[in-house]
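Geometric and topological summary
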Amino acid sequence: MSEALRGRTERPELAARGGPPVRSAPWPAWPRLDAETERIALDALRSGRWAISEMHNGQELYERRFARAFAAYHGVAHCVPTTSGTSALTIAFEALGLSRGAEVLVPGLTWVACASAVAGAGLVPVLVDIDPETLCMSPAAAAAAITPRTEAVLVVHYACNTADMDAFLDLSRRHGLALVEDCAQAHGAEYRGRPVGTLGAIGTFSMQESKVLTCGEGGASITADAALAGLMEQYRADGRVYSENPAVGEPNLQDRGDVQGRNLCMSEVQGALLLGRLRQLDAENERRRTTAALLDDALTGNDAFSPIAPPDGCTRRTYYRYCFRVDAAVDAAEVAAMQDELSHELGVTCEPLHDPLNDCTLYNPLGSPQKYDPRMLARIDPRNFELPESLAARRQVVTIPHFLLLGDYEDFADIRDALMKISSAHGL
């Protein structure tokens with residue numbers, strides 16, 4: 001806390017209680033639409049072909065152009081775009097060919113789709129607690145959760161961090177487990193100089209509107225394995241694959257039918273938007289990192305708040321959310337009040353971390369028993385799992401959305417001043 005704030009005898013009146021907010025100006029817009037992306041998207045709109053399942057118009061599919069660019073961005077050979085991050089997870093687990101009813105380790109603190117996609121593929125999500133320092137799955141807790149039925153690990157690079165991939169690569173090798181990386185919140189992050197999503201067998205991404213790379217709704221799976229890519233391509237397109245060199249007026253997809261797929265295809269307009277926005281990703285991520293570093297410095301020495309540190313192997317962070325921990329002496333109700341107060345001071349919604357999946361309203365596999373093998377139901381019940389570190393993080397960590405980090409120094413200063421104002425108002 002600054003000396004000026006420490007010296008105040010009167011606490012500032014918070015915006016949540018009728019006082020003036022720190023911020024009244026708008027924040028950088030999200031999602032962004034730059035001129036080049038608009039040009040590409042308009043070309044897709046005017047092309048008369050909006051779906052990859054329709055007829056060839058003489059131009060390469062925008063969806064395929066994005067797939068090639070996204071694969072190249074990660075230094076892998078294959079990318080399969082999908083309708084959503086959930087779809088990307090679904091085709092990943094289908095392509096891996098795991099035994100029906102096999103167990104998959106899933107972090108207990110993440111978005112519901114990580115567990116529901118696993119369950120929907122006929123597998124059993126085993127909820128594993130987090131490392132409180134990184135907010136990602138704990139390697140020690142994962143090792144303790146392995147049973148003879150375990151066949152895969154779903155690692156999630158969460159909020160502002162990468163998981164400890166050294167530990168998870170070792171764990172997967174020793175136990176013969178398939179390793180999938182969920183990178184929905186980590187586009188552009190690196191672990192020991194390698195893009196996340198390229199260390200496991202498959203990396204999956206979401207391009208939903210809140211993500212740092214977005215087309216509104218969308219997703220993708222990447223892999224270096226041609227066989228996995230071929231299966232995922234069919235699983236997301238009703239068993240079809242890309243036609244090679246179709247004539248104008250012929251289908252862009254051809255029937256293959258090695259597997260029973262479904263329609264999880266990204267549209268041409270989505271592919272065009274992503275092709276344009278991918279070109280801005282690195283610069284925008286660097287802008288976020290710059291602002292986050294200023295916030296880290298501002299919170300250093302503050303008695304109330306502390307930033308979340310990266311693991312040793314994380315060589316480049318992506319900030320889906322800027323996260324900081326409130327002092328453990330502050331109870332959960334007061335932390336929740338601070339989160340609401342920060343929203344009022346900044347004029348945006350600052351959401352908490354996700355609810356732990358053993359107590360998440362949206363994760364209700366027992367509410368849809370027709371989707372699952374009845375023999376799985378007892379094993380899939382979220383109440384089977386204890387997640388104390390996930391719950392503690394949910395109660396003590398406050399987050400700031402990534403687009404607030406895209407501004408200049410004055411924007412950073414407003415975030416800093418709002419945090420200091422709240423700290424002072426609570427006498428911390």
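Report follows, based on the coordinates. It should be emphasised that the depicted structure is a prediction, and the values quoted were computed from it without experimental measurement.

Brief notes about the nonpolar core
With 125 residues, the main nonpolar core has F70, F93, L154, F324 and L342 as its most contacted residues. When neighbours within four sequence positions are excluded, L154 is seen to be in contact with L89, F93, V104, L105, V106, P107, C114, V118, M137, V180 and D182. Counting residues in hydrophobic clusters, the runner-up holds six residues, among them L61, Y242, L253 and C265.

Focus: the layout of surface pockets
One simple way to see leftover space: roll a probe sized like a water molecule over the atoms. Empty space within the largest pocket amounts to approximately 730 Å³. What lines the largest pocket is a set of 40 residues, and nearest its centre among them are S210, K211, Y320, R321 and H354. When contributions to the lining of the largest pocket are tallied by element, the ones reaching two or more residues are α4 (85-96), α5 (113-120), β8 (202-206) and β15 (397-401). Roughly 260 Å³ of volume is contained in the second largest pocket. Lining the second largest pocket are 15 residues; nearest its centre among them are A67, A77, H78, C79 and Y242. Of all the secondary-structure elements, those providing two or more residues to the lining of the second largest pocket are α3 (62-74), β1 (78-82) and α8 (226-235). Of the residues assigned to the lining of the second largest pocket, the class counts are nine nonpolar, two polar and four charged.

Side note on the packing of α4 against α5
At a minimum axis distance of 9 Å, the contact between α4 and α5 shows a crossing angle of 40 degrees. With respect to each other, α4 and α5 are oriented oblique. Between α4 and α5 lies a crossing of right-handed hand. Together, T86, L89, T90 and F93 of α4 and A113, C114, A117 and V118 of α5 make up the contact between the two elements. Looking at the contact of α4 with α5, its residues break down into six nonpolar, two polar and no charged.

What about empty space enclosed by the protein?
In the structure shown here, the tally under the stated rule is one cavity of 30 Å³ or more. Of the volumes computed, that of the largest cavity is approximately 30 Å³. Taken together, W30, V212, L213, T214, R277, L281 and E284 make up the full set of residues lining the largest cavity. In terms of residue class, the lining of the largest cavity is built from four nonpolar, one polar and two charged.

Quick word on α4
Between its first and last C-alpha atoms α4 spans 17 Å; for 12 residues at 1.5 Å apiece the expected length is 16 Å, and the two agree. Extensive coverage of α4 is indicated by the burial of 11 of its 12 residues. Among the residues of α4, G85, S87, A88, L89, T90, I91, A92, F93, E94, A95 and L96 are the ones counted as buried. Sitting at the amino-terminal end of α4 is S84, which places a side-chain oxygen 3.4 Å from the backbone nitrogen of T86. Phi for G97, located one or two positions after α4, is positive at around 65 degrees.

Section: the pattern of salt bridges
Summed over all chains, the structure comprises 25 salt bridges. Each of R32, D34, R277 and E284 takes part in salt bridges that share partners, so that together they form one network.

Overview of the environment of E36
Mapping E36 onto the fold places it in helix α2 (residues 35-46). The partly exposed category is assigned to E36, whose relative accessible area is 30%. On a C-alpha basis, the gap between E36 and Q280 in space is 10.0 Å, while along the polypeptide they are 244 residues apart. Within polar-contact distance, the side chain of E36 engages the side chain of R39 at 2.8 Å.

Overview of the sheet that holds strand β6 (residues 190-191)
Read across the sheet, three strands follow the order β7-β6-β13 without closing on themselves; strand pairing throughout is antiparallel. The open sheet has two free edges, formed respectively by β7 (194-195) and β13 (314-316), since each of these has just one partner strand. Of the pairings in the sheet, the one linking β6 to β7 comprises two bridges and is antiparallel in character. Of the residues in β7, the one forming a bridge with Y191 is R194.

Regarding the pairing of strand β5 (residues 178-182)
Look at any regular strand and the pattern is simple: side chains alternate between the two faces of the sheet. Of all the five residues making up β5, five are buried; the element is thus mostly covered by neighbouring parts of the structure. What you see with β5 is no split at all: A178, V180 and D182 on one side and L179 and E181 on the other are buried throughout. In this sheet, β5 lies alongside strand β4 (residues 150-156) in parallel orientation, the contact comprising five bridges. Looking at β5, one finds that A152 is bridged to A178. For the handedness criterion, the β-α-β arrangement of β4, helix α7 (residues 165-175) and β5 is classed as right-handed. Direction of pairing for β5 relative to β8: parallel, over a ladder of three bridges. The residue of β8 that forms the bridge with D182 is T204.

Notes on the sheet that holds strand β14 (residues 321-326)
Pairing between sheet strands relies on hydrogen bonds along the backbone, with the strands arranged either parallel or antiparallel. What the three strands build is an open sheet, ordered β12-β14-β15; its pairing is antiparallel. Only two strands of the sheet have a single partner each, and these edge strands are β12 (305-307) and β15. Recorded for the sheet is a direction-independent mean angle of 35 degrees between the axes of neighbouring strands. Relative to β14, β12 is paired through three bridges, and the arrangement is antiparallel.

What counts as what
Every chain begins its residue count from 1, and numbering advances along the sequence as written. Given that this is a predicted model, residues contribute local features only at a pLDDT of at least 70 and side-chain atom pairs are listed and counted only at 80 or more, while totals for whole chains, interfaces and linings are drawn from all residues. Side-chain numbers here rest on the full set of heavy atoms in the structure, without hydrogens or water. To qualify as a nonpolar core, a set must consist of buried Ala, Val, Leu, Ile, Met, Phe, Trp, Tyr and Cys residues joined through side-chain atoms within 4.5 Å. Burial classification: accessible surface area is computed with a 1.4 Å probe over protein chains only, and a residue below 20% of its type maximum counts as buried, one above 50% as exposed, and the rest as partly exposed. In what follows, residue pairs with any heavy atoms lying within 4.5 Å of each other are defined as contacts. A pocket here means an open set of points on a 1 Å grid, computed over the protein atoms alone, that has protein on both sides within 12 Å along at least five of seven lines. A cavity is instead a set of points where a 1.4 Å probe fits but cannot get out; residues with an atom within 4 Å of a point line either one. Grid points are joined across faces, edges and corners, and a volume is the space filled by probe spheres set on the points. Comment: elements are numbered from the N terminus, with helices defined as DSSP H or I runs of at least four residues and strands as E runs of at least two. Under the convention adopted here, Pro, Cys and the residues Ala, Val, Leu, Ile, Met, Phe, Trp and Tyr are nonpolar, Asp, Glu, Lys and Arg are charged, and Gly plus all remaining residues are polar. Axis definition: a line fitted to C-alpha atoms, over the contacting stretch in the case of helices. Angles run 0 to 180 degrees between N-to-C directions. Here the angle decides the label: under 35 degrees means roughly parallel, over 145 means roughly antiparallel, 65 to 115 means roughly perpendicular, and every other value means oblique. Handedness of each helix crossing follows the sense of rotation of the near helix against the far helix: counterclockwise by less than a right angle gives left-handed, clockwise gives right-handed. Residue count minus one, scaled by 1.5 Å, sets the expected span of a helix. Within 3.5 Å is the distance limit for a polar contact, defined as a pair of N or O atoms, with the added protein rule that one can donate a hydrogen and the other accept it, and that residues adjacent in sequence qualify only through two side-chain atoms. By definition here, a salt bridge exists when the distance from a side-chain nitrogen of Lys or Arg to a carboxyl oxygen of Asp or Glu is within 4 Å. DSSP-based pairing: two strands are paired if at least 2 bridges between them are found. By the criterion used throughout, a crossover qualifies as right-handed when its path from the first strand across the helix to the second strand runs clockwise, the strands pointing away from the viewer.

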